[in-house]
Structures are given as C-alpha cells and as structure tokens.
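# Observations on the three-dimensional arrangement
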Amino acid sequence: MEDLSSYLNDHLAGSVGALELLDRLIDTYKGKPLERFLTDLRAEIDADQETLKELIANLGEDESTVRKAGAWVMEKFSRGKIPLDANGEQEMGLFLALEGLALGIHGKRSLWRALATASETASRLRGPDYATLEKRAMEQFERVEAKRLEVAREIFKSN
C-alpha cells in the first residue's frame, strides 16, 4: 500500500504544479484568446485532481503535504526558465509551459491506465471511471499539443 500511496501522491503533486502553472498562464494571457483555452484546461485538471484526492482518501491514505509543497516551490523556480509575456515577446516561455503541461497530461493518462489495469485484481481501486478519465487525458493532451505546435510554428520559423 505504501508504494501505491507514494505513486498517487506523486501524481497529486504533479497536478498541483500544473494548476499553479495554469494560474500563471491564465493571469498572463487574461483578455487574450488563449485565456479561454487555459481556463477550460484548468477546470478539467482541477476535476482530475479532485478524483485523485478522493481515491487517496477512499484508500485511507493521506495526501503528502511535503510533495504538494515541493511541486508548488518547483513551479515558482521554473519561472526563470519559463518567462511569460502576453505581448508575444516571450513565446518560448509559452512553448515550454505547454510542453511541460503536455508531458504531465501524458503521465496522467498513464496513471489512469495503470489504475484501470490494477483495479481488475485490486478491488480497493475500483470506483473511478478510469476509461473516461483516460479519454479526457488523451483529449487534453491533443488540445495542448496542438496549441504547442501552433506556437512552435511561430517561434521556430525562419526569418
């Protein structure tokens, strides 16, 4: 059970970092077309995080405050590497932020898939609709990846 708790808490910490990054992106792109995209994505990731919290609680485990705090701090440190500017001067920062989100969402899809498989023999994991959660993660990934590639076209085009 300790391994499972650690695994779930690692993913919970990842969601904390993702939501912090999305809050920063939403603030940066407030009033811009990208704001709606980011706000919708944030709402979905928040819902996924709640599902994960419920699963941890239903297993009788505790959320790791240390891991969540660590994810929060890491997002703050990433600001030096991921500069953001809604005026288009820091598009590389947006590109890197979207890439980080895409990688995290891919990891979340792997989480749901692993839990679905494990739930076949571990009844304590039954309950969440893993197929729907995995499908939502795939859709999130596709949307973020499309946006990331759109930004890549702009920042890597030859002058």
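You'll find the structure just up there.
Residues numbered from 1 in each chain as written. Predicted model: local features only at pLDDT ≥ 70, side-chain atom pairs only at ≥ 80, totals over all residues. Heavy atoms only, no water.

Another aspect to go through is the layout of surface pockets. Considered as a void within the structure, the largest pocket measures approximately 350 Å³ in volume. Around the largest pocket, the lining comprises 21 residues; the ones closest to its centre are Gly14, Ser15, Ala18, Gly104 and Ile105. Of the residues forming the lining of the largest pocket, the biggest block, 9 residues, is contributed by helix H4 (residues 91–119). (1 Å grid on protein atoms, 1.4 Å probe; cavity = no way out; pocket = protein on both sides within 12 Å on 5 of 7 lines; lining within 4 Å. Points joined across faces, edges and corners; volume = space filled by probe spheres on them. Helix = DSSP H or I, 4+ residues; strand = E, 2+ residues; numbered from the N terminus.)

On to the pattern of salt bridges, then. A full pass over the atoms with the stated rule returns 14 salt bridges. In this structure, lysine 135 engages glutamate 139 in a salt bridge whose closest nitrogen and oxygen atoms are separated by 3.4 Å. Highlighted residues: lysine 135 and glutamate 139, both in helix H5 (residues 130–155), separated by 4 residues, approximately one helical turn. The exposure class of lysine 135 is partly exposed, given its relative accessible area of 49%. According to the relative accessible area criterion, glutamate 139 is partly exposed, its value standing at 37%. Residue arginine 148 pairs with glutamate 145 through a salt bridge whose shortest N-O separation is 2.8 Å. Here arginine 148 and its partner glutamate 145 are both found in helix H5, 3 residues apart, which amounts to about one turn of the helix. A network of salt bridges, in which partner residues are shared, links Asp48, Lys108 and Arg136. (Salt bridge = Lys/Arg side-chain N within 4 Å of Asp/Glu carboxyl O. Buried < 20%, exposed > 50% of the residue type's maximum accessible area, 1.4 Å probe, protein only.)

With 40 residues, the main nonpolar core has Leu8, Leu25 and Leu115 as its most contacted residues. With 11 residues, H4 is the single largest residue contributor to this core. (Core = buried A, V, L, I, M, F, W, Y, C linked by side-chain atoms within 4.5 Å.)

Attention shifts here to the side chain of serine 5. Examined against the element boundaries, serine 5 turns out to sit in helix H1 (residues 2–28). Residue classification places serine 5 among the buried positions, given a relative accessible area of 12%. Of note is the side chain of serine 5, whose polar atom sits 3.2 Å from the side chain of glutamate 61. (Polar contact = N/O pair within 3.5 Å; in protein donor to acceptor, adjacent residues only side chain to side chain.)

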